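# Breakdown of the fold
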Amino acid sequence: QQGSQTMDPRNSAQDVIRCDLCETPVPPLYCATCHINLCKVCVGEHLLDESKLHIVVPFKHRQSTPSYPKCQEHTTKLCELHCEQCGIPVCVQCVSSKKHKAHDVEDILSYLEGRKKALQADLEELGKFLYPKYQEIASSFPAQRADLQRNTEELISAVNKRGDDWHREIDNIIRKLKSDIKETESEHLAFLKKQEDEINQTILEITHNIGELKKLLDSNDIYLLSTYKSKNAELGKLPTKFIFTLPCFSSQRIDTEQLLRQFGSLTALSRSPECILLDDLDQKIAHSTANVGLFDYEEKNMGDCSIDLDLFKRCSNEEGEYYS
């Protein structure tokens, strides 16, 4: 397979930089307008394209060449100025037009230098102050989760203990009621037994008298008949008949709200926002020259930086204001 595939010389690790038009190695020139590498042979043909203003510089100076944006109104022109009122890059022809004629303009490189300083300040603020603050806040979440879990376990343990206390009290109440029921039953059984014994004894006496009377009726013994005394009057006094009302169990409606009040309740979880302030942030940014940790960067002279004006233009909003 290696023999059947031809390696693209433009992607070769030993031959990376080539002319973008003819692939000649090590092109000495660079078009800052079109962002392409050019050899000496191709540069003349490239400049013949008059649809745009080509800026050809030595290849080693390509990083220091500003990348001017194309004018939206005049497509063959590059924007070398910045309109302060409109907040957008403009070309020289725009300045004399009706739209920007009375507007103040400045050299776009001067404008970008100011913007670069604003970006530097933003980087300082983000890297040295805001990022550590957010890291500090983020590092607190594991501890908060641990506290929440510990609190949850303590609450569940307290609720279980309270439940055990209630179960013990309820069990005691149930045992007491059962004991009272058994005691009532025993007392009533003893009373019934006494009544039953007395009735049975009276029945025995009546049975005995019936037998004696039958014997007297069959006998002609005058003495026995004369000594007989009737007990019917005494036995005719019937015992008191008791009407018993057996005990019953009466329960109250379970009031859940009252039970909750008696059992206990949870206090509400409260979240109080804490204002996080950056002390004297602006002053720190203005006087800080230290590195920024994970946001380390290298300060470069503006003249040594490649400035992408199109990027700044795209960062503007609809009203033409650039974000700081």
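None of these values were measured; they are calculated from a predicted model.

What follows concerns the overall build of the chain. Across its full length, the chain holds eight helices and six strands. The helix and strand sequence of the chain, counted from the amino end, reads β-β-α-β-β-β-α-β-α-α-α-α-α-α. Nonlocal contacts in the chain, meaning residues at least 24 apart in sequence, comprise 50% of its contacts between residues at least 6 apart. Accessible area of the chain: about 25,700 Å², with a carbon and sulfur share of 55%.

Before going further, it helps to examine the sheet that holds strand β2 (residues 36-38). Taken in spatial order, the three strands line up as β2-β1-β3 in an open sheet, and their pairing is antiparallel. Of all strands in the sheet, those with a lone pairing partner are β2 and β3 (56-58), marking the two edges. Adjacent strand axes in the sheet meet at a mean angle of 35° when their direction is disregarded. For strand β1 (residues 29-31) and β3, the ladder comprises three bridges, and the chain directions are antiparallel. Across the sheet, residue Cys-31 finds its bridge partner in β3, namely Val-56. Along the sheet, helix α1 (residues 40-47) contacts β1, β2 and β3; its crossing angle with β2, the most-contacted strand, is approximately 120°.

The subject of this paragraph is the nonpolar core. Grouped burial of nonpolar side chains is what soluble globular proteins tend to show. Formed by Cys-71, Cys-79, Leu-81, Cys-83, Val-90, Cys-91 and Cys-94, the largest nonpolar core amounts to seven residues. Apart from residues no more than four positions distant in its own chain, Cys-91 is found in contact with Cys-71, His-74, Lys-77, Leu-78, Cys-79, Glu-80 and Leu-81. One finds Leu-78, Ile-108, Tyr-111 and Leu-112 within the second-largest nonpolar core, a separate group that totals five residues.

Moving on to the pattern of salt bridges. All chains considered together, the criterion is met by six salt bridges. Put simply, Arg-168 and Asp-165 hold a salt bridge, and the shortest N to O gap is 2.1 Å. Of this pair, Arg-168 and Asp-165 both sit in helix α3 (residues 108-218), three residues apart, roughly one helical turn. With a relative accessible area of 47%, Arg-168 lands in the partly exposed category. Note on Asp-165: relative accessible area 21%, which makes it partly exposed. Among the salt bridges present, the one from Lys-193 reaches Asp-197, with a minimum N-O distance of 2.9 Å. With Lys-193 and Asp-197 both in helix α3 and four residues apart, the pair spans about one turn of that helix. With a relative accessible area of 44%, Lys-193 lands in the partly exposed category. Among the residues examined, Asp-197 registers a relative accessible area of 38% and is labelled partly exposed. One network of salt bridges, with partners in common, ties together Lys-161, Asp-165 and Arg-168.

Computed from the structure, the largest pocket encloses a volume of approximately 530 Å³. Around the largest pocket, the lining comprises 15 residues; the ones closest to its centre are Leu-148, Asn-151, Leu-269, Ser-270 and Arg-271. Tallied by class, residues from the lining of the largest pocket come to six nonpolar, seven polar and two charged.

This part covers the sheet that holds strand β6 (residues 105-107). Overall, antiparallel pairing links the three strands, which are arranged β5-β4-β6 in an open sheet. Where the open sheet ends on each side, the last strands, each with one partner, are β5 (88-90) and β6. Strand after strand, the sheet turns through a mean of 40° between neighbouring axes, direction not considered. Here strand β4 (residues 81-83) runs beside β6; their pairing, made up of three bridges, is antiparallel. By the bridge assignment for β6, His-82 is matched with Glu-106.

This part is about helix α6 (residues 256-263). One side-chain oxygen of the residue at the start of α6 lies 3.2 Å from the amide nitrogen of Glu-257, identifying that residue as Asp-255. A positive backbone phi angle near 130° is found at Gly-264, which sits one or two residues after α6.

Rules of the game
- Residues numbered from 1 in each chain as written.
- Predicted model: local features only at pLDDT ≥ 70, side-chain atom pairs only at ≥ 80, totals over all residues.
- Heavy atoms only, no water.
- Helix = DSSP H or I, 4+ residues; strand = E, 2+ residues; numbered from the N terminus.
- Contact = heavy atoms within 4.5 Å.
- Areas by Shrake-Rupley, 256 points an atom, 1.4 Å probe, with all protein chains shown as cover.
- Pairing = 2+ DSSP bridges.
- Axes fitted to C-alpha atoms, helices over the stretch in contact; angles between N-to-C directions.
- Core = buried A, V, L, I, M, F, W, Y, C linked by side-chain atoms within 4.5 Å.
- Buried < 20%, exposed > 50% of the residue type's maximum accessible area, 1.4 Å probe, protein only.
- Salt bridge = Lys/Arg side-chain N within 4 Å of Asp/Glu carboxyl O.
- 1 Å grid on protein atoms, 1.4 Å probe; cavity = no way out; pocket = protein on both sides within 12 Å on 5 of 7 lines; lining within 4 Å.
- Points joined across faces, edges and corners; volume = space filled by probe spheres on them.
- Nonpolar A, V, L, I, M, F, W, Y, C, P; charged D, E, K, R; others polar.
- Polar contact = N/O pair within 3.5 Å; in protein donor to acceptor, adjacent residues only side chain to side chain.

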